[in-house]
Amino acid sequence: MKRRIGILTSGGDCPGLNATIRGVAKACYEQFGSEVEIVGIQDGYSGLINNQCKLMQPNDFSGILTTGGTIFGTKRTPFREMRVIGEDNVDKVKSMKKTYKDQKLDCLLTLGGNGTHKTANLLAEEGLHVIGLPKTIDNDIWGTSVTFGFHTAVDIATDVIDRLHTTANSHGRILVVEIMGNKAGWLTLYAGVAGGADMIVIPEIPYDINKLAAACEKRANEGKGFSILAVAEGAMDTEEAKMKKKERAKSRADAGLTTASNRIAGEIQTMTGLETRVCVPGHMLRGGSPSAYDRILATQFGVYAAQLIKEENYGMAVAKVGDVITANRLKDVAGKTKFVPADDQMVRTAREIGISFGD
Ligand code: F6P
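Rules behind the numbers
Residues numbered from 1 in each chain as written. Predicted model: local features only at pLDDT ≥ 70, side-chain atom pairs only at ≥ 80, totals over all residues. Heavy atoms only, no water. Helix = DSSP H or I, 4+ residues; strand = E, 2+ residues; numbered from the N terminus. Rg over C-alpha atoms; globule rule 2.2 N^0.38 Å. Buried < 20%, exposed > 50% of the residue type's maximum accessible area, 1.4 Å probe, protein only. Contact = heavy atoms within 4.5 Å. Lys, Arg positive; Asp, Glu negative; His and termini not counted. Charge placed at Lys NZ, Arg CZ, Asp CG, Glu CD. 1 Å grid on protein atoms, 1.4 Å probe; cavity = no way out; pocket = protein on both sides within 12 Å on 5 of 7 lines; lining within 4 Å. Points joined across faces, edges and corners; volume = space filled by probe spheres on them. Nonpolar A, V, L, I, M, F, W, Y, C, P; charged D, E, K, R; others polar. Domains from an automatic or database assignment. Phe/Tyr/Trp six-rings, centres within 6.5 Å; stacked < 30°, edge-to-face > 60°. Lys NZ or Arg CZ within 6 Å of the ring centre and 35° of its normal. Salt bridge = Lys/Arg side-chain N within 4 Å of Asp/Glu carboxyl O. Axes fitted to C-alpha atoms, helices over the stretch in contact; angles between N-to-C directions. Parallel < 35°, antiparallel > 145°, perpendicular 65-115°, else oblique. Left-handed = near helix turned anticlockwise from the far one by under 90°. Near = heavy atom within 4 Å. Polar contact = N/O pair within 3.5 Å; in protein donor to acceptor, adjacent residues only side chain to side chain. Areas by Shrake-Rupley, 256 points an atom, 1.4 Å probe, with all protein chains shown as cover. Sits in = over half its atoms within 2 Å of the grid points. Pairing = 2+ DSSP bridges.

Draft legend 1. A look at the overall build of the protein chain. Secondary structure assignment for the protein chain yields 13 helices and 11 strands. The globule rule puts the C-alpha radius of gyration for 359 residues at 21 Å, and the 22 Å found for the protein chain is close to it. Each principal axis of the C-alpha distribution contributes one length, and for the protein chain these read about 75 × 45 × 30 Å. The proportion of buried residues among the 359 residues of the protein chain is 53%. When contacts within the protein chain are restricted to residue pairs at least 6 apart in sequence, long-range pairs at least 24 apart make up 73% of them. Here the protein chain contributes 44 positive and 42 negative side-chain charges, whose respective centroids are spaced 4 Å apart.

Structure follows, in structure tokens:
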């Protein structure tokens, strides 16, 4: 039985995309031999809409285990726009279904985060055979304890914090490091613990700036001349937390406030008089080679996806639950976000060693 499998990567990239693509491809060639064809779709759903596809050869998947980025390219094509016909008059859903049919695909593998899973579910509801694989440095996909890319980003962010420690110490400064994660604070939480941050500020636990400033002052009074604050990109204070997203953005813009790290650093310096600096590693957290953990996870996810294809078990989202690689139904995953619970064990661990969340 011939099988033609389409693969795309969508949304923000992360280390481990190529390792996952390779895992799927190697497992498929291994299981189905010459009975399988793999079609690479360019730039995520955009390539599916515009029929930008390429028949891949087994050799195309060699040598990519360690490489960052994605061999297929990626783009953000927001889910909310999928059913909207824009100025170009393109019916995106209809076009994606047409490409699937024209390319004679038997199934489509989508590697991505929350938005990608929502569109994957939409396509599954439209009758396509879809399997989602969980990618994101944010680790915020519902139903999986971990996503590929997360641990590599934790390693990179931890290295950043390690380096900030020595310079912060030399100068006796407050160092505020801003870590990606607009909605969920997993990356900041894990890197903060691994890097020995003194304060961890995440969107799920709104902060009181007085408490953060007091924590810096307390350390200074104890003779610890420096403090490290790991701050998630989406951090908000208790007042901002009461606002709707647009209202919050407007209030910040009106006050001339920019990023979370700049807001917090500025206020701490004013309130305490302690010299403060900001570091934003930004997209560095998404670049480069995946860690050993992510290479292994990506390979396990890829192999599991190939198994689902063999069983013709579609409409699924690959996941890791505990130590087991498994899958959830796409419709159960789509539209949900895995936030850090206030009583998460890692939050409690951090608190137990005196890390302040500013709450
Ligand atoms: O979702 C992954 C992520 O890296 C977030 O942590 C961050 O907020 C966002 O992507 C940045 O997106 P962009 O690629 O558009 O800069």
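Draft legend 2. Focus on the layout of surface pockets. Its boundaries defined by the atoms lining it, the largest pocket holds a volume of some 1,400 Å³. Of all the secondary structure elements, the ones that give two or more residues to the lining of the largest pocket are α4 (114–125), α9 (245–254) and α10 (260–272). Here the lining of the largest pocket is built from residues that sort into 13 nonpolar, 16 polar and 16 charged. When residues of the lining of the largest pocket are assigned to domains, at least three map to each of domain 1 (3–148 + 290–333) and domain 2 (151–286). Volume-wise, the second largest pocket comes out at about 250 Å³. Forming the walls of the second largest pocket are 14 residues, and the residues nearest its centre are Asp 198, Arg 219, Gly 354, Ile 355 and Ser 356. Per-element tally for the lining of the second largest pocket: the top contributor is helix α7 (residues 209–221), with 4 residues. Along the lines of polarity and charge, the residues of the lining of the second largest pocket split into 6 nonpolar, 3 polar and 5 charged.

Draft legend 3. Spatial organisation of the packing of aromatic side chains. If you walk through the whole model with that rule in mind, you get 4 aromatic pairs. For the ring pair Tyr 29 and Phe 61, a centre distance of 6.1 Å and an interplane angle of 55° mean the geometry is tilted. Of this pair, Tyr 29 sits in helix α1 (residues 17–32) while Phe 61 sits in the loop between β3 (53–55) and α3 (92–102), placing them 32 residues apart in sequence. In this structure Tyr 29 comes out as buried when scored by relative accessible area, which is 18%. Ring plane angle 55° and centroid distance 6.4 Å describe the contact between Trp 186 and Tyr 190, whose orientation is recorded as tilted. Of this pair, Trp 186 and Tyr 190 are both found in helix α6 (residues 186–195), 4 residues apart, which corresponds to roughly one turn of the helix. A relative accessible area of 7% means that Trp 186 is categorised as buried. One cation-aromatic arrangement involves Arg 219 over Phe 226; the distance from NZ or CZ to the ring centre is 5.3 Å. Of note, Lys 338 hangs over the ring of Trp 186, and the distance from its end group to the ring centre comes to 5.2 Å.

Draft legend 4. Expanded view of the side chain of Asp 344. Position of Asp 344 relative to the elements: it lies in the loop between α12 (330–333) and α13 (345–352). Nearest to the buried, unbridged Asp 344 among oppositely charged side chains is Arg 348, at 7.2 Å. Non-local contacts of Asp 344, meaning those with residues more than four positions away in its chain, are made with Trp 186 and Leu 189.

Draft legend 5. Inspection of the packing of α1 against helix α11 (residues 292–311) at higher detail. Two elements in contact, α1 and α11, have axes whose closest approach is 7 Å; the angle formed by their N-to-C orientations is 40°. By the angle class used here, α1 and α11 are oblique. At the point where α1 passes α11, the crossing takes the right-handed sense. When α1 is examined against α11, the residues Ala 19, Thr 20, Arg 22, Gly 23, Val 24, Ala 27, Cys 28, Gln 31 and Phe 32 are found in contact with a partner set consisting of Arg 295, Ala 298, Thr 299, Gly 302, Val 303, Ala 305, Ala 306, Gln 307, Ile 309 and Lys 310. Split into classes, the residues belonging to the contact of α1 with α11 amount to 10 nonpolar, 6 polar and 3 charged.

Draft legend 6. The site of the ligand, seen in detail. In the vicinity of the ligand, the contacting residues are Arg 76, Ile 137, Asp 138, Met 180, Gly 181, Asn 182, Glu 233, His 283 and Arg 286. At 2.9 Å, a side-chain N or O of Arg 76 approaches an oxygen atom of the ligand. In the environment of the ligand, an oxygen atom lies 2.8 Å from a nitrogen or oxygen atom belonging to the side chain of Glu 233. For the ligand, the accessible surface in isolation is 400 Å², of which the surrounding protein chains cover 71%. Counting atoms within 2 Å of the grid points, the majority share of the ligand lands in the largest pocket. Residue composition of the shell around the ligand, grouped by class: 2 nonpolar, 3 polar and 4 charged. There are two domains that each give the shell around the ligand at least three residues, and those are domain 1 (3–148 + 290–333) and domain 2 (151–286).

Draft legend 7. Highlighting the sheet that holds strand β9 (residues 276–279). Reading across the sheet, the 4 strands line up as β7-β8-β6-β9 and stay open at both edges, with parallel pairing between neighbours. Each edge of the sheet is formed by a strand with only one pairing partner; in this case those strands are β7 (199–201) and β9. Each neighbouring strand pair of the sheet contributes to a mean axis angle of 20°, computed without reference to strand direction. As paired strands, strand β6 (residues 174–179) and β9 are joined by 4 bridges and run parallel to one another. Within β9, the position partnered with Ile 174 by the bridge is Thr 276. Contacts between helix α5 (residues 150–171) and the sheet are confined to β6, β8 (227–232) and β9, with β6 contributing the most and set at about 165° to the helix.

Draft legend 8. How the structure looks around the pattern of salt bridges. The tally for this structure, following the rule as stated, stands at 17 salt bridges. The residue Glu 275 makes a salt bridge to Arg 173 at a minimum N-O spacing of 3.3 Å. One end of the pair, Glu 275, is in the loop between α10 and β9; the other, Arg 173, is in the loop between α5 and β6, with 102 residues separating them in the sequence. For Glu 275, a relative accessible area of 35% gives the class partly exposed. Taking the relative accessible area as the measure of exposure, Arg 173 reaches 16% and is therefore buried.

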